[in-house]
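Reading the structure
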Amino acid sequence: KAGVTQTPRYLIKTRGQQVTLSCSPISGHRSVSWYQQTPGQGLQFLFEYFSETQRNKGNFPGRFSGRQFSNSRSEMNVSTLELGDSALYLCASRAAQETQYFGPGTRLLVL
Amino acid sequence: GQQVMQIPQYQHVQEGEDFTTYCNSSTTLSNIQWYKQRPGGHPVFLIQLVKSGEVKKQKRLTFQFGEAKKNSSLHITATQTTDVGTYFCAGPMTSYDKVIFGPGTSLSVIP
């Protein structure tokens, strides 16, 4: 099976802009979770989608949003970018109660 | 909210020495998962423990899940340079809950 794919892999934006990141889960996996990873804060949970519904949510401001499509692909959007949003954004997919498999991540730099 | 802690934050060992990292959750976990992230890479799933007191081995790696399902440990025997990376523990409170990650233990192996 193909692994989790994320696009784009690298992104440079300026403050105030918005960005959309995409994640394609492993075939058959209906759950997609998003994490933000920074050197100082580690892996922070953003949200999880399952069957097009947000099932769990982390403690991030409303500027961070996501959605999931009927084919389980997911997108996350960050509006009004801030310098502190520079991070590696990881998505992970899983089947039912199984463990998570991570994609390679999207490295976002906000200038 | 749920918090997962890990100690130590960093560990430097001579090649051939043993290494242990400890994981503690503020709440009982449904399961504990361990991941390894190489520098520049993404977290890769190592193992999942589900039962109270469970012990699993993978070659030189030994994983334990505490009796109260709130703590866990990863022990590496006779470290090798290929063991370099950051080891994360993670777990949900229930099977369908968000998976919260510890801050990780960064392992350096001196040849």
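Residues numbered from 1 in each chain as written. Chains lettered and ligands numbered in written order. Predicted model: local features only at pLDDT ≥ 70, side-chain atom pairs only at ≥ 80, totals over all residues. Heavy atoms only, no water.

Points about a nonpolar patch on the surface
Together, Ile12, Leu109 and Leu111 of chain A make up a nonpolar patch on the protein surface, roughly 300 Å² of accessible area in all. Here leucine 111 of chain A shows up in the segment after β11 (106–110). (Patch = residues over 30% accessible without salt bridge, like charges linked within 9 Å, V, L, I, M, F, W, Y side chains within 5 Å. Areas by Shrake-Rupley, 256 points an atom, 1.4 Å probe, with all protein chains shown as cover. Salt bridge = Lys/Arg side-chain N within 4 Å of Asp/Glu carboxyl O. Helix = DSSP H or I, 4+ residues; strand = E, 2+ residues; numbered from the N terminus.)

Observations concerning the pairing of strand β9 (residues 87–94) of chain A
Residues and elements named next belong to chain A. With respect to burial, β9 is a largely interior element, eight of its eight residues being buried. Of the pairings in the sheet, the one linking β9 to β11 comprises three bridges and is antiparallel in character. Across the sheet, leucine 88 pairs through a bridge with arginine 107, a residue of β11. Two strands pair when backbone bridges link them, and β9 and strand β10 (residues 101–102) are joined in this way by two bridges, in the antiparallel orientation. Along β10, the bridge assignment pairs alanine 92 with phenylalanine 102. (Buried < 20%, exposed > 50% of the residue type's maximum accessible area, 1.4 Å probe, protein only. Pairing = 2+ DSSP bridges.)

Looking at the nonpolar core
In this structure, Tyr35 of chain A together with Ile32, Trp34, Phe63 and Phe101 of chain B are the most contacted members of the largest nonpolar core, which totals 32 residues. Here this core takes four residues from strand β9 (residues 85–91) of chain B, the largest share from any one element. Residues within four places of isoleucine 32 of chain B in sequence aside, it is in contact with Cys23, Ile47, Gln48, Leu49, Phe65, Ser72, Cys89 and Ala90 of chain B. In this structure, Cys23, Ile26, Val78 and Cys91 of chain A belong to the second largest nonpolar core, which totals 21 residues. (Core = buried A, V, L, I, M, F, W, Y, C linked by side-chain atoms within 4.5 Å. Contact = heavy atoms within 4.5 Å.)

Digging into the interface of chain A and chain B
One frequent convention defines the size of an interface as the accessible area lost when the parts assemble. If you look at the interface, chain A gives 18 residues, while chain B gives 16 residues. Interface of chain A and chain B: buried area, both sides summed, is about 1600 Å²; carbon and sulfur atoms make up 53% of it. Seen at the junction of chain A and chain B, the total is zero salt bridges. At the junction of chain A and chain B, the tally comes to five residue pairs in polar contact (both at pLDDT 80 or more). Elements represented by at least two residues in the side of chain A that touches chain B include exactly β4 (31–38), β5 (42–50), β6 (53–57) and β9 of chain A. Looking at side-chain class alone, the side of chain A that touches chain B contains seven nonpolar, seven polar and four charged residues. (Buried area = accessible area lost by both parts, 1.4 Å probe. Polar contact = N/O pair within 3.5 Å; in protein donor to acceptor, adjacent residues only side chain to side chain. Nonpolar A, V, L, I, M, F, W, Y, C, P; charged D, E, K, R; others polar.)

Here's the deal with the sheet that holds strand β3 (residues 19–24) of chain A
Residues and elements named next belong to chain A. In spatial order, the strands read β1-β3-β8-β7; together these four strands make up an open sheet with antiparallel pairing. Two strands lie at the open edges of the sheet, namely β1 (5–7) and β7 (64–68), each paired on one side alone. Put simply, the sheet's adjacent strands are angled 20° from each other on average, direction ignored. Where β3 and strand β8 (residues 74–78) come together, five bridges link them in antiparallel fashion. Its bridge partner lying in β8, cysteine 23 is registered against serine 74. (Axes fitted to C-alpha atoms, helices over the stretch in contact; angles between N-to-C directions.)

Focus on the pattern of salt bridges
The tally for this structure, following the rule as stated, stands at eight salt bridges over all chains. Residue arginine 55 of chain A is joined to glutamate 48 of chain A by a salt bridge in which the shortest nitrogen-to-oxygen separation is 2.8 Å. Across the pair arginine 60 of chain B and aspartate 83 of chain B runs a salt bridge whose closest N-O atoms are separated by 2.9 Å. Residue arginine 60 of chain B is located in the loop between β6 (55–58) and β7 (61–65), and its partner aspartate 83 of chain B is located in the loop between β8 (71–76) and β9; the two are separated by 23 residues in the primary sequence. Here aspartate 83 of chain B falls in the buried class, since its relative accessible area comes to 5%.

So, the state of the cysteines
Cysteine pairs can be linked by a disulfide, which is a covalent bond between their two sulfur atoms. All told, the structure shown has two disulfides over all chains when counted by the stated rule. Put simply, cysteine 23 of chain A and cysteine 91 of chain A are joined by a disulfide, and their sulfur atoms are 1.7 Å apart. Within this pair, whereas cysteine 23 of chain A is found in strand β3, its partner cysteine 91 of chain A is found in strand β9, the two being separated by 68 residues in sequence. With a relative accessible area of 0%, cysteine 91 of chain A lands in the buried category. Each sulfur in the disulfide pair cysteine 23 of chain B and cysteine 89 of chain B lies 2.0 Å from the other. Taking the torsion about the sulfur-sulfur bond, which here is approximately 80°, the covalent link between cysteine 23 of chain B and cysteine 89 of chain B counts as right-handed. You can see cysteine 23 of chain B sitting in strand β3 (residues 19–25) and its partner cysteine 89 of chain B sitting in strand β9, a full 66 residues away along the chain. (Disulfide = S-S within 2.5 Å.)

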